[in-house]
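Fold and geometry: a report
Take a look at the letters that make up each chain.
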Amino acid sequence: MTTLGTAESFKRDWLDGFVGAYGRTVRKVPGGYGVVGRQVPRSGKVAVVIGGGCGHYPAFAGLVGTGFADGAVVGDVFTSPSAEQVYRTARAADGGAGVLFSYGNYQGDVLHFGLAARRLAAEGIPSRTVLVTDDVASGPAGEPEHRRGVAGDFLVFKIAGAAAERGYDLDAVHAVTAKANARTRTFGVAFGGCTLPGAAEPLFSVGDGEMELGLGIHGEPGVRTVSRLDATALADALVNGLLPEIPAGDRRVVVLLNGLGRTKYEEMFVAYARIHERLAAEGLNPLHTEVGEFVTSLDMAGVSLTVLMLDDELAELYAAPCDTPGYRSGGAALEQVPVTSTVDESLTRPWGAAGEGIVDRALTAALASIEANEAELGRLDAVAADGDHGLGMTRGMRAAVGAARTAGAEDVPGALLAAGTAFADAAGGASGALYGVLLAETGAGLRSASTGSSGITAPVLADAVDGAVRAFVELGRAEVGDKTMLDAIEPFRAVLREQAGAGTGIAEAWRKAAARAARAADETAELLPAKGRAARLALRSRGHADPGATSFALLVAAIGEALSTCGLAGRRIQEG
Ligand code: ADP
Ligand code: MG
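On a predicted model such as this, the values are computed, not experimentally measured, just so you know. (Residues numbered from 1 in each chain as written. Chains lettered and ligands numbered in written order. Predicted model: local features only at pLDDT ≥ 70, side-chain atom pairs only at ≥ 80, totals over all residues. Heavy atoms only, no water.)

1. So, the overall build of the protein
Rules: Only DSSP runs of H or I reaching four residues or more are called helices, and only runs of E reaching two or more are called strands; each is numbered from the N terminus. Throughout, the radius of gyration refers to the C-alpha atoms, and the reference size of a globule is 2.2 Å times the residue count to the power 0.38. A simple rule labels every residue: compare its accessible area, found with a 1.4 Å probe on the protein chains alone, to the largest value its type can have, and call it buried under 20%, exposed over 50%, or partly exposed in between. Two residues form a contact once any of their heavy atoms are found within 4.5 Å. Every accessible area reported is derived by Shrake-Rupley at a probe size of 1.4 Å, with residue values counting cover from the shown protein chains alone. Residues counted as positive are Lys and Arg, residues counted as negative are Asp and Glu, and His and the chain ends are not counted. Taken as the charge location is NZ of Lys, CZ of Arg, CG of Asp or CD of Glu.
A count of helical and extended segments in the protein gives 17 helices and 14 strands. Its C-alpha atoms give the protein a radius of gyration of 25 Å, near enough to 25 Å, the size a compact globule of 576 residues would have. With the C-alpha coordinates aligned to their principal axes, the bounding extent of the protein is approximately 80 × 55 × 45 Å. Taken across its 576 residues, the protein has 57% of its residues classed as buried. Considering only residue pairs separated by 6 or more positions, the protein has 74% of its internal contacts joining residues 24 or more positions apart. Carbon and sulfur atoms provide 53% of the accessible area of the protein, an area that totals close to 22400 Å². Within the protein, the 68 negative side-chain charges are centred at a point lying 2 Å from the centre of the 52 positive side-chain charges.

2. Examining the domain arrangement of the protein
Spelled out, the test is: All the domain ranges listed were derived from an automatic or database domain assignment. Buried area: the sum, over both parts, of the accessible surface (1.4 Å probe) that disappears when the two are put together. Put simply, a salt bridge is a Lys or Arg side-chain nitrogen that is within 4 Å of an Asp or Glu carboxyl oxygen. Polar contacts, as counted here, are pairs of nitrogen or oxygen atoms within 3.5 Å of one another; within protein the pair requires one atom able to donate a hydrogen and one able to accept it, and residues that are adjacent in sequence qualify only if both atoms are side-chain atoms.
For the protein, the assigned domains read domain 1 (10-329) and domain 2 (349-573). Distance between the C-alpha centres of domain 1 and domain 2: 35 Å. Tallying the contact residues gives 11 residues for domain 1 and 17 residues for domain 2. Roughly 1100 Å² of surface becomes buried between domain 1 and domain 2 when both sides are summed, with 61% attributable to carbon and sulfur atoms. Ranking the residues of domain 1 by area buried against domain 2 places L111, L115 and R118 at the top, with a combined share of 50%. Summed over the shared surface of domain 1 and domain 2, the number is two salt bridges. One salt bridge in this structure joins E474 and R118, with 2.7 Å as the shortest N-O distance. Between domain 1 and domain 2 we count three residue pairs in polar contact (both at pLDDT 80 or more) in total. Mapped by element, the contributors of at least two residues to the side of domain 1 that touches domain 2 are α2 (83-93) and α3 (107-122).

3. Details of helix α4 (residues 152-165)
Threshold: Helix span is expected to be 1.5 Å times the residue number reduced by one.
Over its 14 residues, α4 runs 20 Å from end to end, which matches the ideal 20 Å to within 8%, given 1.5 Å per residue. Burial of α4 is extensive: 13 of the 14 residues sit out of reach of the surface.

4. Considerations on empty space enclosed by the protein
With a probe scaled to a water molecule rolled over the atoms, the places where space remains empty come into view. Going by this rule: Two kinds of site are reported from a 1 Å grid over the protein atoms alone, namely cavities, where a 1.4 Å probe fits but cannot get out, and pockets, open sets with protein on both sides within 12 Å along at least five of seven lines, and residues are called lining when an atom falls within 4 Å of a point. Grid points are joined across faces, edges and corners, and a volume is the space filled by probe spheres set on the points. Side-chain classes follow a simple rule in which Ala, Val, Leu, Ile, Met, Phe, Trp, Tyr, Cys and Pro form the nonpolar group, Asp, Glu, Lys and Arg form the charged group, and the remainder, Gly included, forms the polar group.
Here the structure, examined in full by the defined rule, presents two cavities of 30 Å³ or more. The space that makes up the largest cavity amounts to roughly 520 Å³. Secondary structure elements with two or more residues in the lining of the largest cavity: α9 (358-372), α12 (412-427), α13 (429-448), α14 (458-476), α15 (486-501), α16 (506-523) and α17 (547-565). Split by residue class, the lining of the largest cavity holds 27 nonpolar, one polar and no charged. Lining the second largest cavity are V150, A151, T186, G188, L215, I217, N258, L260 and S304. Residues of the lining of the second largest cavity, tallied by class, amount to five nonpolar, four polar and no charged.

5. Observations regarding the nonpolar core
Heads up, the condition is: The term nonpolar core refers to a set of buried residues drawn from Ala, Val, Leu, Ile, Met, Phe, Trp, Tyr and Cys, joined through side-chain atoms within 4.5 Å.
Membership of the largest hydrophobic core comes to 72 residues, with the highest contact counts inside it found for L363, F492, W510 and F552. Per-domain counts for this core show at least three residues from each of domain 1 (10-329) and domain 2 (349-573). If you look at the next biggest cluster of nonpolar residues, it comprises 62 residues, including V35, C54, V77 and F157.

Here's what the structure looks like:
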């Protein structure tokens, strides 16, 4: 409606324009959707990597530059970037002192950044993460893990960038960034919804004469609708939303009044006059005040108020100079640190010679089963969530098959690692990251058992699957009974282990485990979801199986058939 872009190419098109305009400061990550600073990587400096979906400019790519972020990963509009893109951006930014990730607390981002962190660790690149949780309207005080990140992102990233610029090591950057997040709070108000590129209708609309209190930055409506307030009452609502969470003590603060995308700067100053008065009356002392657009939500009309409660260290870091396309402070020209290297060639190299191996065959069979059931998986996901599970699985499996095929027939661990990475990149969403980790970690487990494909026995495979499930749980944090794919995965793992211990051969052990997974997936119909998008509409899903558990059962059944029919009976891969 109001936007120039189209849904299909928005991310690519605006990124091209952005890098064209600010090529002096930033460059694109090769082959990826991310940007890093021109001077990056900088040897010996912790790399600060931020990111999230697009639609929030200047967050996140516009905050890349000296004294701020080293890199930003760019997802589709309001959608988390994939683990592959996070990985590529972090590799391009790493200067040998490790990577500090910081981003808003949203499940998709947590999973994909988590997956990338795991892959970096496997390559010897340490990373730490600070999730931004500033939005007081999104969860109770004292439960930051339930709060999302909104405009506070900007202040938290600024502190991380300044600390890294100053030469803090990775643990110290992490500690001060976590402290900044713990002392940052935001409360927002919307007057009008936003419209996705190419869409005819806004994501939500605010009634004439109304306002939404406690808005998100992804077109989520607010938590409470009130009748429209004048500037003074609006300012009071914002301040009152924050005051209960500002403890006594140091009164120095940074104040940020953030426009969501369609609010005039002058109007914000009108509101700020009253905010300033109220903060002064509370004895708060704004050392810095920022009024403008920092974390937007496409063309949403509205504002949010953020307060960062300072101490000596935070005050000094916030005042440090920085220079990015979206924000500059400190005046004096910043020292240019010499470039130590440019593109990491290993990121653009293809995956070895072509071939058709066991992984290829098994995944091809799995893909056929997923394609045949795509509509049903979508239907199950639509019962209480967003209906994309069938499409995501098909996209992911096609990419996984392609990657396994080019990995080489003899390298089973390599093919699984490549398949997992490709799956997560193509599928996106929560399940993309989670299946990605299952595939890749199974590969990693087999590789560390360092047997050739002919030496993969049932106990070796069971060990690798155990490790993969542990990694899966670490990443997704689901428990058995939460109504997720873990409810099919865990019984599968247990039966595989038990059969391997009893001396059963691989194909037979797998078949029995898959049969148990199929029953377990059906049984999820009676559970109530506690994780993922579906948790918000939990009751609706009773009587319907979990989509992820269902796709897992389909996958392992198809793989089981491929294992017993693909003519490997004479090879040791069949033996226990
Ligand atoms: P999204 O939720 O991002 O739209 P999908 O629709 O592709 O992703 O996948 C949904 C499935 O992912 C759920 O049915 C559930 O099985 C699984 N899932 C989501 N979050 C988790 C989690 N934290 N741990 C385990 N499984 C999860
Ligand atoms: Mg979904």
